[in-house]
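Residue-level structure breakdown
The residues making up each chain are set out below.
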Amino acid sequence: METLMIRTQTGSYPIFVGKGLLPRADELIKDVYSSSYIITDSHVAPRYLNELEKTLRNRQVFHYIAEAGEQSKNLAEYNRIITDMLEKKLDRNTCVIALGGGVVGDLAGFVAATYLRGVAFLQMPTTLLAHDSSVGGKVGIDHALGKNLIGAFYPPAAVIYDTATLETLPFRELQSGFAELIKHSLISSPDFYQELKKAIPERSMLTPDAVGSFLIRGISVKAKIVELDEHESGPRKFLNFGHTLGHALEKELGFGTLTHGEGVAVGSLFALKLSEAYYGHPLPVKELAEWYVRLGLPTKVPDGLTAEGLMEQMKYDKKNRDGHYHFVLMKSIGRPETRQVPESLVRGTLFSFMNHMLTD
Ligand SMILES: NC(=O)c1ccc[n+]([C@@H]2O[C@H](COP(=O)([O-])OP(=O)(O)OC[C@H]3O[C@@H](n4cnc5c(N)ncnc54)[C@H](O)[C@@H]3O)[C@@H](O)[C@H]2O)c1
Ligand SMILES: O=C(O)C(=O)C[C@@H](O)[C@H](O)[C@H](O)COP(=O)(O)O
Ligand SMILES: [Zn+2]
């Protein structure tokens, strides 16, 4: 097991990473609560819920199983969970445990942040993508008008990441999580990016064991940025690289159609194209696109979407200010910057991005 401590101005918490941690959850959770309330989903529950419940046998343990998928990250599901907790008369000495991927983590975290004005929260991630989502305290739900528009910063008391759970992850979810790991490499260092590309050049090499060796590195990139700027007034925005278009694609296609990582992959290519247009020098867009193709990740805006629809949707991005688009751009790999980008440049680059193959 490896342990990373994340220390911010508002507190600190451990991130435990290793195989076989699920049965050790009770030992790793230091505090004792009157009740544990596990929030999980319909794919994770049959595999891991029983195992977790058994380890928490000394407490009153409840669970809630949401339908798997992004469609559950909304106000209706949030309301059902809060109602269930209230009906069970759970008090403030309750610990909400998120057992699952980023959807469960974001939803359960928002429940924990708001139930009786806040109760303890624990993250137990089970997807590769959740190496990102379980760390840093961003919790929230989607609104019909856009992604993650309702939420809070609410750090967990601990993250317990049993990487053995990645063995049962569908391959598409491994690809999706890998896109966020690539993002962590892109925003941090050309060396990390090249090492990752060399180790996992294509889909047949993308296995839980292969990514396992880079997990701590990815988590460390995230943790260091969060330590500097927990509430996203500055450098934390870099973690949002590729998300402006990515989130718009997820929403416009209908939540759950594209995985989050697939959106981030296409969004990252667009952000690089926009960076080329903004700075006026070439960047390795084709190289990244070719890597995504070998990994089986998308590189294009899916058919059926319009540039104007996406321009409109990107207006909901939380980085924007005073009606202007703000993007995370890349001067070169490992050198992200947040910039206000003129609407005409965003529109022109988007039209061209939608009408040309990057890999030609
Ligand atoms: N809070 C943050 O900082 C942050 C960061 C990145 C992404 N996110 C959010 O995370 C969400 C995406 O997370 P995700 O990709 O983990 O999606 P997810 O939670 O929907 O999980 C993906 C799929 O895998 C299944 N699954 C999970 N663990 C499994 C396992 N071990 N074995 C078999 N199946 C398993 C789930 O049931 C689901 O069908 C998005 O809503 C995104 O916005 C949040
Ligand atoms: O932790 C962050 O900060 C991130 O931006 C990480 C992203 O990968 C993640 O998808 C996050 O949920 C996006 O946040 P949002 O503020 O753009 O909704
Ligand atoms: Zn993300």
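Not measured: the values here are computed from a predicted model.

**A short note on the overall build of the chain**
A count of helices and strands for the chain gives 13 helices and 11 strands. Taking 2.2 N^0.38 as the reference for a compact globule, 360 residues should give roughly 21 Å; the C-alpha atoms of the chain span a radius of gyration of 20 Å, in line with that estimate. Dimensions of the chain, computed from C-alpha atoms along their principal axes, come out at roughly 60 × 40 × 40 Å. For the chain, with 360 residues in total, the buried portion stands at 48%. In the chain, the proportion of contacts linking residues at least 24 apart, taken out of those at least 6 apart, comes to 74%.

**A closer look at the UniProt feature "domain: 3-dehydroquinate synthase C-terminal" (unreviewed entry) in the chain**
Those places that UniProt annotates as "domain: 3-dehydroquinate synthase C-terminal" (unreviewed entry) correspond, in this numbering, to residues 177–320. As a span, residues 177–320 carries 64% helix and 0% strand, and end to end its C-alpha atoms are 26 Å apart.

**Things to note about the UniProt feature "domain: 3-dehydroquinate synthase N-terminal" (unreviewed entry) in the chain**
The residues that UniProt annotates with the feature "domain: 3-dehydroquinate synthase N-terminal" (unreviewed entry) are residues 65–175. Secondary structure content for residues 65–175 is 32% helix and 31% strand, while the C-alpha to C-alpha distance between its ends is 25 Å.

**A few points about the nonpolar core**
Ranked by internal contacts, the top residues of the largest apolar core, which has 103 residues, are Ile 39, Val 96 and Leu 107. A total of 9 residues in this core trace back to one element, the largest contributor, which is helix α10 (residues 260–279). The residue makeup of this core includes at least three contributed by each of domain 1 (2–168) and domain 2 (171–355).

**Side note on the sheet that holds strand β1 (residues 2–8)**
The strand order β1-β2-β9-β6-β5-β3-β4 describes an open sheet built from 7 strands, whose pairing is mixed. In this open sheet, the two edge strands, each paired with only one partner strand, are β1 and β4 (60–66). Averaged over all pairs of adjacent strands, the angle between their axes in this sheet comes to 20°, without regard to strand direction. Relative to β4, strand β3 (residues 35–41) is paired through 7 bridges, and the arrangement is parallel. Across the sheet, Asp 41 pairs through a bridge with Ala 66, a residue of β4. Sheet contacts for helix α4 (residues 102–114): β3, β4, β5 (94–100) and β6 (120–125); angle to β5, the most-contacted strand, approximately 165°.

**Topic: the environment of Asn 240**
Of note, Asn 240 is situated in the loop between α8 (208–228) and α9 (243–253). With 88 residues separating them in the primary sequence, Asn 240 and Val 328 have C-alpha atoms 6.9 Å apart. Sequence-distant contacts of Asn 240, that is, excluding residues within four places in its chain, are made with Lys 319 and Val 328.

**What about the site of ligand 2?**
All residues in the neighbourhood of ligand 2 are listed as Asp 132, Gly 136, Lys 138, Asn 148, Glu 180, Glu 232, Arg 236, Leu 239, Asn 240, His 243 and Lys 318. Composition of the shell around ligand 2 by domain shows at least three residues from each of domain 1 (2–168) and domain 2 (171–355).

Rules used in this analysis
Residues numbered from 1 in each chain as written. Chains lettered and ligands numbered in written order. Predicted model: local features only at pLDDT ≥ 70, side-chain atom pairs only at ≥ 80, totals over all residues. Helix = DSSP H or I, 4+ residues; strand = E, 2+ residues; numbered from the N terminus. Rg over C-alpha atoms; globule rule 2.2 N^0.38 Å. Buried ≥ 20, exposed ≤ 12 C-beta atoms within 10 Å, placed from the backbone. Contact = placed C-beta atoms within 7 Å. UniProt positions renumbered as here; feature names shortened; annotations may be inferred. Core = buried A, V, L, I, M, F, W, Y, C linked by C-beta atoms within 7 Å. Domains from an automatic or database assignment. Pairing = 2+ DSSP bridges. Axes fitted to C-alpha atoms, helices over the stretch in contact; angles between N-to-C directions. Near = placed C-beta within 6 Å.

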